[in-house]
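Here is how the chains run, residue by residue.
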Amino acid sequence: SLCDWSSDVCSSDLTEPVAAAIETPVDKEADTLEQIIEREKSALRRVKYLSDLLDSDFEYLLSKANLLNFEAGSIVMREGNIGRTFYIIIDGEVEICQRTSFEDPLTTPSSYLGTVVNQFTNKGDFFGERSLITGEPRAASIRASSNTKCLAFDQGDFPRTSIDRKSTRLNS
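Small disclaimer: the values here were computed from a predicted structure and weren't measured. (Residues numbered from 1 in each chain as written. Predicted model: local features only at pLDDT ≥ 70, side-chain atom pairs only at ≥ 80, totals over all residues. Heavy atoms only, no water.)

**Examining the overall build of the chain**
Assigned secondary structure in the chain consists of 4 helices and 9 strands. Its helices and strands taken in sequence order, the chain reads β-α-α-β-β-β-β-β-β-α-β-β-α from the N to the C terminus. Classification of the 172 residues of the chain by burial places 42% in the buried group. Summed over all atoms, the accessible surface of the chain reaches about 9,500 Å², with 51% contributed by carbon and sulfur. (Helix = DSSP H or I, 4+ residues; strand = E, 2+ residues; numbered from the N terminus. Buried < 20%, exposed > 50% of the residue type's maximum accessible area, 1.4 Å probe, protein only. Areas by Shrake-Rupley, 256 points an atom, 1.4 Å probe, with all protein chains shown as cover.)

**Concerning the pairing of strand 8 (residues 141-144)**
Remark: a regular strand shows side chains that alternate across the two faces of the sheet. A two-sided burial pattern is seen for strand 8, the buried positions comprising Ser141 and Arg143 on one face and Ile142 and Ala144 on the other. In terms of strand pairing, strand 3 (residues 75-77) meets strand 8 through 2 bridges, oriented antiparallel. Among the inter-strand pairings, Met77 is bridged to a residue of strand 8, identified as Ile142. Judged from the 4 bridges that link them, strand 5 (residues 94-98) and strand 8 form a sheet pairing that is antiparallel. Bridge assignment links Cys97 to a residue of strand 8, and that residue is Ser141. (Pairing = 2+ DSSP bridges.)

**Some words on the pattern of salt bridges**
Per the stated rule, a full pass over the model turns up 9 salt bridges. For Lys41, the salt bridge goes to Glu59, with nearest N and O atoms at 3.3 Å. With a gap of 18 residues between them, Lys41 in helix 1 (residues 33-45) and Glu59 in helix 2 (residues 55-63) connect regions that are remote in the sequence. Overall, the relative accessible area of 22% leaves Lys41 in the partly exposed class. (Salt bridge = Lys/Arg side-chain N within 4 Å of Asp/Glu carboxyl O.)

**Focus: empty space enclosed by the protein**
Following the criterion strictly, the structure yields 2 cavities of 30 Å³ or more and no others. For the second largest cavity, the calculated volume is near 40 Å³. In terms of lining residues, the second largest cavity is bounded by Glu40, Ala43, Leu44, Ile88, Ile89, Ile90, Lys123 and Gly124. When contributions to the lining of the second largest cavity are tallied by element, the ones reaching two or more residues are helix 1 and strand 4 (85-91). Among the residues making up the lining of the second largest cavity, the classes are represented as 5 nonpolar, 1 polar and 2 charged. (1 Å grid on protein atoms, 1.4 Å probe; cavity = no way out; pocket = protein on both sides within 12 Å on 5 of 7 lines; lining within 4 Å. Points joined across faces, edges and corners; volume = space filled by probe spheres on them. Nonpolar A, V, L, I, M, F, W, Y, C, P; charged D, E, K, R; others polar.)

**Let's talk about the sheet that holds strand 9 (residues 148-154)**
If you walk across this open sheet you meet the 4 strands as 2-9-4-7, and the pairing is antiparallel. Of all the strands in the sheet, the pair left with one neighbour each is strand 2 (66-70) and strand 7 (126-127).

**Things to note about the nonpolar core**
Counting 21 residues, the largest nonpolar core has Leu44, Leu50, Phe86, Ile88, Leu151, Phe153 and Phe158 as its most contacted members. When contributions to this core are tallied by element, the ones reaching two or more residues are helix 1, helix 2, strand 4, helix 3 (129-134) and strand 9. Sequence-distant contacts of Ile88, that is, excluding residues within four places in its chain, are made with Leu44, Val47, Leu50, Gly124, Asp125, Phe126, Lys149, Cys150, Leu151 and Phe153. Core analysis: the second largest hydrophobic core is formed by 14 residues, Leu68, Val76, Ile89 and Ala152 among them. (Core = buried A, V, L, I, M, F, W, Y, C linked by side-chain atoms within 4.5 Å. Contact = heavy atoms within 4.5 Å.)

**Things to note about the side chain of Thr148**
Mapping Thr148 onto the fold places it in strand 9. In this structure the side chain of Thr148 is engaged in a polar contact, spanning 3.0 Å, whose partner is the backbone oxygen of Glu93. Leaving out residues up to four positions away in the same chain, Thr148 has contacts with Leu68, Asn69, Phe70, Ile89, Asp91, Gly92, Glu93 and Val94. (Polar contact = N/O pair within 3.5 Å; in protein donor to acceptor, adjacent residues only side chain to side chain.)

This is how it looks when you write it as C-alpha coordinates:
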(Lines give C-alpha, C1' and ligand atoms only; values in the text may rest on other atoms or scores of the structure.)
Protein backbone atom coordinates (compact mmCIF):
# COMPACT_ATOMS: atom_id res chain seq x y z
CA SER A 1 0.00 0.00 0.00
CA LEU A 2 1.07 3.59 -0.49
CA CYS A 3 1.19 6.43 2.02
CA ASP A 4 -0.49 8.95 -0.27
CA TRP A 5 -2.62 11.17 1.91
CA SER A 6 -4.30 14.32 0.82
CA SER A 7 -4.56 15.75 4.32
CA ASP A 8 -1.14 16.78 5.54
CA VAL A 9 -1.21 17.42 9.28
CA CYS A 10 2.48 18.03 9.65
CA SER A 11 4.12 21.41 9.60
CA SER A 12 6.22 22.43 6.65
CA ASP A 13 9.27 23.46 8.65
CA LEU A 14 12.19 21.18 9.48
CA THR A 15 11.14 20.45 13.04
CA GLU A 16 8.92 17.62 14.12
CA PRO A 17 5.18 18.18 13.72
CA VAL A 18 4.11 18.44 17.33
CA ALA A 19 0.70 19.65 16.15
CA ALA A 20 -0.01 16.15 14.80
CA ALA A 21 -0.54 14.94 18.35
CA ILE A 22 -4.03 15.32 19.69
CA GLU A 23 -4.00 16.47 23.28
CA THR A 24 -6.67 14.42 24.97
CA PRO A 25 -8.05 15.81 28.22
CA VAL A 26 -7.65 13.43 31.12
CA ASP A 27 -11.01 12.26 32.39
CA LYS A 28 -12.07 9.70 34.98
CA GLU A 29 -11.94 6.83 32.49
CA ALA A 30 -8.63 7.76 30.82
CA ASP A 31 -5.33 6.72 32.30
CA THR A 32 -3.03 9.50 33.38
CA LEU A 33 0.57 9.60 32.23
CA GLU A 34 1.68 8.56 35.71
CA GLN A 35 -0.69 5.56 35.72
CA ILE A 36 0.53 4.43 32.31
CA ILE A 37 4.19 4.72 33.31
CA GLU A 38 3.60 2.83 36.57
CA ARG A 39 1.66 0.07 34.77
CA GLU A 40 4.18 -0.22 31.92
CA LYS A 41 7.41 0.37 33.86
CA SER A 42 8.74 -3.19 33.64
CA ALA A 43 7.95 -3.38 29.90
CA LEU A 44 9.59 0.01 29.34
CA ARG A 45 12.68 -1.24 31.15
CA ARG A 46 13.04 -3.92 28.44
CA VAL A 47 12.98 -1.42 25.55
CA LYS A 48 16.36 -1.67 23.83
CA TYR A 49 17.40 1.95 24.33
CA LEU A 50 16.25 2.11 27.95
CA SER A 51 17.46 -1.27 29.23
CA ASP A 52 21.08 -0.18 29.81
CA LEU A 53 20.22 2.97 31.73
CA LEU A 54 21.15 3.26 35.37
CA ASP A 55 18.06 3.09 37.59
CA SER A 56 18.39 6.79 38.46
CA ASP A 57 18.68 7.75 34.77
CA PHE A 58 15.73 5.51 33.88
CA GLU A 59 13.53 7.11 36.55
CA TYR A 60 14.62 10.60 35.47
CA LEU A 61 13.83 9.82 31.83
CA LEU A 62 10.38 8.48 32.74
CA SER A 63 9.69 11.68 34.68
CA LYS A 64 10.28 13.61 31.42
CA ALA A 65 7.92 11.47 29.30
CA ASN A 66 5.10 13.05 27.33
CA LEU A 67 1.96 11.15 26.41
CA LEU A 68 0.92 11.82 22.82
CA ASN A 69 -2.24 10.60 21.12
CA PHE A 70 -2.37 10.39 17.34
CA GLU A 71 -5.58 9.89 15.40
CA ALA A 72 -5.57 7.32 12.60
CA GLY A 73 -3.99 8.93 9.54
CA SER A 74 -1.95 11.49 11.52
CA ILE A 75 1.65 11.94 10.50
CA VAL A 76 3.88 11.38 13.53
CA MET A 77 7.12 12.32 11.78
CA ARG A 78 8.24 13.05 8.25
CA GLU A 79 11.23 11.67 6.36
CA GLY A 80 14.01 14.24 5.99
CA ASN A 81 13.02 16.34 9.01
CA ILE A 82 15.38 16.89 11.89
CA GLY A 83 14.58 14.46 14.71
CA ARG A 84 14.74 15.15 18.43
CA THR A 85 12.08 12.76 19.73
CA PHE A 86 12.07 9.05 20.59
CA TYR A 87 8.66 7.34 20.63
CA ILE A 88 7.44 4.16 22.34
CA ILE A 89 4.04 2.78 21.36
CA ILE A 90 1.71 2.21 24.30
CA ASP A 91 -1.35 1.42 22.20
CA GLY A 92 -2.11 1.44 18.49
CA GLU A 93 -0.24 0.89 15.25
CA VAL A 94 1.97 2.90 12.92
CA GLU A 95 3.21 2.50 9.36
CA ILE A 96 6.76 3.27 8.29
CA CYS A 97 6.91 4.85 4.83
CA GLN A 98 9.93 5.69 2.67
CA ARG A 99 10.25 7.57 -0.57
CA THR A 100 12.39 6.17 -3.36
CA SER A 101 14.85 7.85 -5.68
CA PHE A 102 12.51 7.06 -8.58
CA GLU A 103 9.89 9.61 -7.53
CA ASP A 104 9.90 12.88 -9.43
CA PRO A 105 9.99 15.74 -6.91
CA LEU A 106 8.25 18.03 -9.40
CA THR A 107 5.21 15.80 -9.97
CA THR A 108 4.95 13.90 -6.67
CA PRO A 109 2.45 15.54 -4.29
CA SER A 110 3.97 16.85 -1.06
CA SER A 111 1.45 14.77 0.89
CA TYR A 112 2.92 11.54 -0.55
CA LEU A 113 4.98 9.81 2.15
CA GLY A 114 6.31 6.91 0.10
CA THR A 115 5.74 3.18 0.12
CA VAL A 116 4.85 1.37 3.34
CA VAL A 117 7.98 -0.61 4.19
CA ASN A 118 7.05 -1.85 7.66
CA GLN A 119 4.46 -1.64 10.42
CA PHE A 120 4.82 -1.47 14.17
CA THR A 121 1.80 -3.08 15.77
CA ASN A 122 2.98 -4.06 19.25
CA LYS A 123 3.03 -2.25 22.54
CA GLY A 124 6.67 -1.45 23.27
CA ASP A 125 7.67 -1.01 19.63
CA PHE A 126 9.71 2.15 19.25
CA PHE A 127 10.92 4.54 16.58
CA GLY A 128 12.88 7.76 16.25
CA GLU A 129 16.08 6.39 17.77
CA ARG A 130 18.23 6.72 14.67
CA SER A 131 18.09 10.52 14.52
CA LEU A 132 18.86 10.73 18.23
CA ILE A 133 21.93 8.55 17.85
CA THR A 134 23.33 9.72 14.52
CA GLY A 135 22.03 13.28 14.31
CA GLU A 136 20.94 12.54 10.74
CA PRO A 137 17.51 13.62 9.45
CA ARG A 138 14.61 11.18 9.77
CA ALA A 139 15.11 8.19 7.47
CA ALA A 140 11.38 7.47 7.12
CA SER A 141 7.94 8.93 7.67
CA ILE A 142 5.68 7.46 10.34
CA ARG A 143 1.90 7.58 10.09
CA ALA A 144 -0.58 6.31 12.68
CA SER A 145 -2.62 3.56 11.01
CA SER A 146 -5.01 3.44 13.97
CA ASN A 147 -5.59 5.69 16.97
CA THR A 148 -2.18 5.47 18.63
CA LYS A 149 -0.87 6.42 22.05
CA CYS A 150 2.89 6.92 22.46
CA LEU A 151 5.29 7.95 25.16
CA ALA A 152 7.62 10.56 23.70
CA PHE A 153 11.04 11.52 25.00
CA ASP A 154 13.05 14.54 23.88
CA GLN A 155 16.70 14.06 22.95
CA GLY A 156 17.76 16.43 25.74
CA ASP A 157 16.11 14.19 28.34
CA PHE A 158 18.39 11.22 27.63
CA PRO A 159 21.58 10.94 29.63
CA ARG A 160 24.40 11.95 27.25
CA THR A 161 26.37 8.81 28.07
CA SER A 162 23.43 6.66 26.97
CA ILE A 163 23.23 8.24 23.51
CA ASP A 164 27.02 8.18 23.13
CA ARG A 165 27.11 4.46 24.04
CA LYS A 166 24.40 3.63 21.48
CA SER A 167 26.19 5.70 18.83
CA THR A 168 29.43 3.81 19.46
CA ARG A 169 27.62 0.46 19.12
CA LEU A 170 25.85 1.59 15.96
CA ASN A 171 29.08 2.71 14.29
CA SER A 172 31.12 -0.36 15.20
